[in-house]
Amino acid sequence: MNKTKKIPVLERVAKINEQIADENRALLRANNLICINIMGSPGGGKTTLIENTIIRLQGEKKIAVIEGDLATTIDAERIMALGVDVLQINTGGMCHLDAPLIRNALKKMDLSSIDILFIENVGNLVCPSSHDLGEDYRVIIASVPEGPHKPKKYPVIYKEADVVVITKADLLEYFPDFTEKILFNHAKEIQPEILTFSVALKRNESMDEWINWVKSVKPKIRE
Ligand code: MG
Ligand code: ZN
């Protein structure tokens, strides 16, 4: 088999994704909104973090959500119940979102009315990291039941992340091997600049630091 023939095709696909991501970024900038891509394992608390953030910022920030999901609208319905604009992307089995999918979603939204756009990526710790969507910030969710070693096991997604949020901190007492410090240290070994937050989603407690970051966040300056 001639392997060299395959490489140019993959490179071309990656390049197209990059170009469209830049177009998405320009469109978001033109509409003066911040886009935050939420990534993490299935069941880690991505939707719950977005829900709780919407509740906390009601009346302060106009939030909209793009929901990536393999097959269902379950998460989108949860967000919609809060009275927020949601655009659902069913990836039809594809395990990540890419820039063309986001471009199509952005075309259907009233971007000028939005302050903060959350993208809930497909639950997956591998390939979402290699697909720039045009977002400003990448947030990786690390839930307590997943254990403290995810940054070591999935370094690529941590290397590309701006923020790590520990979720389900309400469960810390049941997971004696997990401390916030261990996970944050692992994450910082991989990405020294990463911002760290820890939230107890079930009780909607300890959200203040995260909420303050979301409220104060500015468009990301890229080199
Ligand atoms: Mg979800
Ligand atoms: Zn994938």
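Preceding block: the structure.
What you see is a predicted model; the values in this text were computed from it and never measured.

Caption draft 1: Local environment of the coordination of the magnesium ion (ligand 1). Protein-derived ligands of the magnesium ion (ligand 1) are T47 (OG1), D75 (OD) and E120 (OE), with the metal-ligand distances lying across 2.0 Å. In terms of primary sequence, the donors binding the magnesium ion (ligand 1) are separated according to T-x27-D-x44-E. With a gap of 28 residues between them, T47 in helix α2 (residues 46-57) and D75 in helix α3 (residues 74-80) connect regions that are remote in the sequence. Among the residues examined, D75 registers a relative accessible area of 15% and is labelled buried.

Caption draft 2: Expanded view of the nonpolar core. By size, the foremost hydrophobic cluster in this structure holds 29 residues, and its most contacted members are F118, V139, V165, W210 and W213. Elements with a minimum of two residues in this core: β1 (34-39), α2, β2 (63-69), α3, β4 (116-120), β5 (137-143), β6 (163-167) and α8 (208-216). In contact with V139, other than residues within four places in its own chain, are I36, N37, I38, M39, V163, V165, W210 and W213. Counting residues in hydrophobic clusters, the runner-up holds 17 residues, among them C35, L87, I114 and L117.

Caption draft 3: Representation of the coordination of the zinc ion (ligand 2) in the model. Within the first shell, the zinc ion (ligand 2) binds the protein through C95 (SG), H96 (ND1) and C127 (SG), at distances of 2.0 to 2.1 Å. In terms of primary sequence, the donors binding the zinc ion (ligand 2) are separated according to C-H-x30-C. Classification of H96 as buried rests on a relative accessible area of 10%.

Caption draft 4: Inspection of the sheet that holds β6 at higher detail. Strand order in this open sheet of seven strands is β3-β2-β4-β1-β5-β6-β7, and the pairing throughout is parallel. In this open sheet, the two edge strands, each paired with only one partner strand, are β3 (85-90) and β7 (195-198). Sheet twist, expressed as the mean angle between neighbouring strand axes with direction ignored, is 20°. Here four bridges tie β1 to β5, and the two strands are oriented parallel to one another. Looking at the pairing, N37 lines up with R138 of β5. Each of β2, β3 and β4 touches helix α4 (residues 99-107); the most contacted strand, β3, lies at about 145° to it. In the packing of helix α7 (residues 180-190) onto the sheet, the strands contacted are β5, β6 and β7, and the crossing angle to β6 comes to about 160°.

Scoring rules and cut-offs
- Here, residues in each chain are numbered from 1, in the same order as that chain's written sequence.
- Throughout, the order in which chains and ligands are written sets their labels, letters from A for the former and numbers from 1 for the latter.
- Given that the model is predicted, a residue must reach a pLDDT of at least 70 before its local features are reported, and side-chain atom pairs must reach 80 or more before they are shown or counted; all residues, however, enter totals for whole chains, interfaces and linings.
- Here the side-chain values reflect all heavy atoms present in the structure, with hydrogen atoms and water set aside.
- Shown as donors are all N, O and S atoms within 2.8 Å of a metal ion, widened to 3.2 Å for Na, K and Ca; because water is not in the atom set, sites may appear incomplete.
- Secondary structure elements are defined from DSSP: runs of H or I of at least 4 residues count as helices, runs of E of at least 2 residues count as strands, and each element is numbered from the N terminus.
- Residue burial is assigned from relative accessible area. The probe radius is 1.4 Å, only protein chains are included, and a residue is buried under 20% of its type maximum, exposed over 50%, and partly exposed in between.
- As used here, the term nonpolar core means buried Ala, Val, Leu, Ile, Met, Phe, Trp, Tyr and Cys residues forming a set that is joined through side-chain atoms within 4.5 Å.
- Every residue pair with non-hydrogen atoms within 4.5 Å of one another is taken to be in contact.
- At least two bridges found by DSSP between two strands is the condition for calling them paired.
- Only the stretch in contact is used when a helix axis is fitted, and all axes are lines through C-alpha atoms; the angle between N-to-C directions ranges over 0 to 180 degrees.

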